[in-house]
Protein chains: 2
Amino acid sequence: MPKFTKPIRVYFSPDKKLHESLKNVLGFYPTNISLYKLAFRHSSAAQVIKKGVRDSNERLEFLGDSVIGMVVADYLFKKFPFKDEGFLTKMRSKMVSRQQHNQLAMKLGLNKFLEVNNDRQNNKSSSINGDAYEALIGAIYLDKGYVFAQQFILTRIVNVHIDMDEVETKEVDFKSKLIEWVQKEKKEFRFETLVDGASSDDKLYCIQLVVDNEAIGKAQHFSKKRAEQLVAELACGILEI
Amino acid sequence: MPKFTKPIRVYFSPDKKLHESLKNVLGFYPTNISLYKLAFRHSSAAQVIKKGVRDSNERLEFLGDSVIGMVVADYLFKKFPFKDEGFLTKMRSKMVSRQQHNQLAMKLGLNKFLEVNNDRQNNKSSSINGDAYEALIGAIYLDKGYVFAQQFILTRIVNVHIDMDEVETKEVDFKSKLIEWVQKEKKEFRFETLVDGASSDDKLYCIQLVVDNEAIGKAQHFSKKRAEQLVAELACGILEI
């Protein structure tokens with residue numbers, strides 16, 4: 001990574017504090033600080049800046065998601081020269097899962113930078129932190145370029161926070177994992193369809209997981225199966241399965 | 001793009017002909033020609049080089065797919081500064097579809113480089129060309145680096161072969177996709193007209209999709225065809241087609 005001496009602009013920036021906090025977390029001083037502010041702005045706290053456009057982190061999340069996918073693909077390709085593409089694909093999907101990104105965001109402490117409007121955010125989305133992580137990578141990519149973003153992901157994320165042996169052996173099917181757990185613990189559980197995508201306007205299924213008559217969480221997706229997997233993944237996190 | 005003078009190694013290469021053909025198609029001389037040979041080797045023509053590993057283009061395809069996804073995400077992000085991430089996601093999925101990649105491969109004339117063993121290739125896969133295109137991008141990325149691969153995709157593919165207006169207006173034909181799937185899976189399906197727009201008060205058609213006697217979902221529209229497309233789109237999500 002390049003030199004980390006404090007740039008003169010930081011001394012005179014109105015966002016001096018944010019510059020310093022980000023330096024502590026990321027290991028470098030941002031050049032264009034507004035990109036990072038945007039990366040931490042959840043849609044609930046966003047303003048409409050133009051008809052149909054809001055200044056939330058969702059566009060950066062789209063970009064960052066691609067950057068991470070590319071960097072991880074390159075990393076796996078070189079790390080496992082004798083594994084086939086099926087193995088690489090599986091490994092990547094585990095390394096870039098929503099759960100993984102949420103965990104990484106917490107490890108980096110991104111939650112303290114988040115700009116969220118709790119009044120407007122009705123459905124407590126479980127992926128706010130992971131989304132901000134992806135948006136942050138998008139911001140780093142735009143601010144510093146591909147090679148810098150790649151170095152950041154490899155040296156400060158993959159090498160430090162990801163245990164590759166654990167990823168390799170980790171289960172992905174969260175629903176099976178959950179069912180195994182409830183059977184072992186002799187608990188009762190059910191998936192409740194709160195919104196049936198087939199008849200709802202936006203075609204989204206909303207599935208709630210109930211364990212021993214206690215609602216654990218809910219998830220939305222266009223596919224009912226996928227929504228069940230998502231809420232199962234969420235529950236595995238909450239119940240520490 | 002960098003200079004295109006003929007490098008000395010080409011004069012002495014046993015693959016001089018391939019070097020020249022690739023120069024004609026790609027616009028540059030490859031540095032590591034073996035990567036390009038690998039990119040054009042379909043799994044049917046591959047040899048086992050180590051237990052469980054074959055020297056086919058599938059690993060390069062995995063890598064190239066990520067490179068294309070990243071380059072296209074970056075391109076769309078900058079081309080459409082006022083569009084939301086839903087629009088960007090849709091555009092990208094149209095730009096990197098199997099159909100699109102097959103077409104690009106044919107336009108570049110990659111089929112004449114392909115190494116396929118027709119005896120061993122039983123199921124005539126329709127994506128051989130598109131897969132080779134993805135693998136070629138993976139080879140360019142490894143051979144020349146990210147920035148070069150990005151420049152190649154933008155200047156020699158996107159700017160020349162992709163009509164962005166056409167991509168933007170193109171509808172994904174979910175009905176064809178669904179029909180293809182039910183035929184492959186040997187299932188029965190039908191569209192049921194629950195409400196006939198021609199005779200109903202609000203002129204809305206309500207169409208229900210039934211697969212193997214199970215109602216998958218329904219959709220409404222003033223146009224019967226559009227309602228069928230909508231319910232097919234919904235089904236593609238639910239059935240994970």
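Residues numbered from 1 in each chain as written. Chains lettered and ligands numbered in written order. Predicted model: local features only at pLDDT ≥ 70, side-chain atom pairs only at ≥ 80, totals over all residues.

Q: Explain the sheet that holds strand β3 (residues 189-195) of chain A here, please?
A: The strands that make up a sheet are held in pairs by hydrogen bonds between backbone atoms, and each pair lies either parallel or antiparallel. Residues and elements named next belong to chain A. Across the sheet, 3 strands lie side by side as β3-β4-β5; this open sheet has antiparallel pairing. Of all strands in the sheet, those with a lone pairing partner are β3 and β5 (214-221), marking the two edges. On average, each strand axis in the sheet is tilted by 25° relative to the strand beside it, whichever way the strands run. Sheet topology places β3 next to strand β4 (residues 205-211); 6 bridges connect them, and they run antiparallel. Residue R190 lies in a different strand from β4, and its bridge partner there is V210. On the sheet, helix α11 (residues 224-238) packs against β3, β4 and β5 and is oriented at approximately 135° with respect to β5. (Pairing = 2+ DSSP bridges. Helix = DSSP H or I, 4+ residues; strand = E, 2+ residues; numbered from the N terminus. Axes fitted to C-alpha atoms, helices over the stretch in contact; angles between N-to-C directions. Contact = placed C-beta atoms within 7 Å.)

Q: It is not clear to me how the interface of chain A and chain B should be interpreted in this structure. Could you clarify?
A: Interface size is commonly expressed as the accessible surface area that is lost when the partners come together. Between chain A and chain B, the residue contacts involve 26 residues of the former and 26 residues of the latter. Counting only elements with at least two residues in the side of chain A that touches chain B, the list comes to α4 (58-79), α5 (85-95) and α11 of chain A. With 12 residues, the single largest contributor to the side of chain A that touches chain B is α4(A). Taken together, the residues of the side of chain A that touches chain B sort by class into 12 nonpolar, 4 polar and 10 charged. (Nonpolar A, V, L, I, M, F, W, Y, C, P; charged D, E, K, R; others polar.)

Q: In this structure, what is going on with helix α7 (residues 128-144) of chain A? I would like to understand it.
A: Quick reminder: α-helices carry 3.6 residues per turn. Residues three or four places apart thus point the same way. Residue and element names in this part refer to chain A. Taking 1.5 Å per residue, 17 residues should reach 24 Å; α7 reaches 24 Å between its end C-alpha atoms and fits that length. Counting buried residues along α7, 15 of its 17 residues qualify, which places the element largely inside the surrounding structure. Just beyond α7, the residue with positive phi is G145, at close to 95°. (Expected span 1.5 Å × (residues − 1). Buried ≥ 20, exposed ≤ 12 C-beta atoms within 10 Å, placed from the backbone.)

Q: What is the right way to look at the domain arrangement of chain A in this model?
A: With domains assigned, chain A is organised as domain 1 (8-168) and domain 2 (174-238). Taking only C-alpha atoms into account, the centre of domain 1 of chain A sits 27 Å from that of domain 2 of chain A. (Domains from an automatic or database assignment.)

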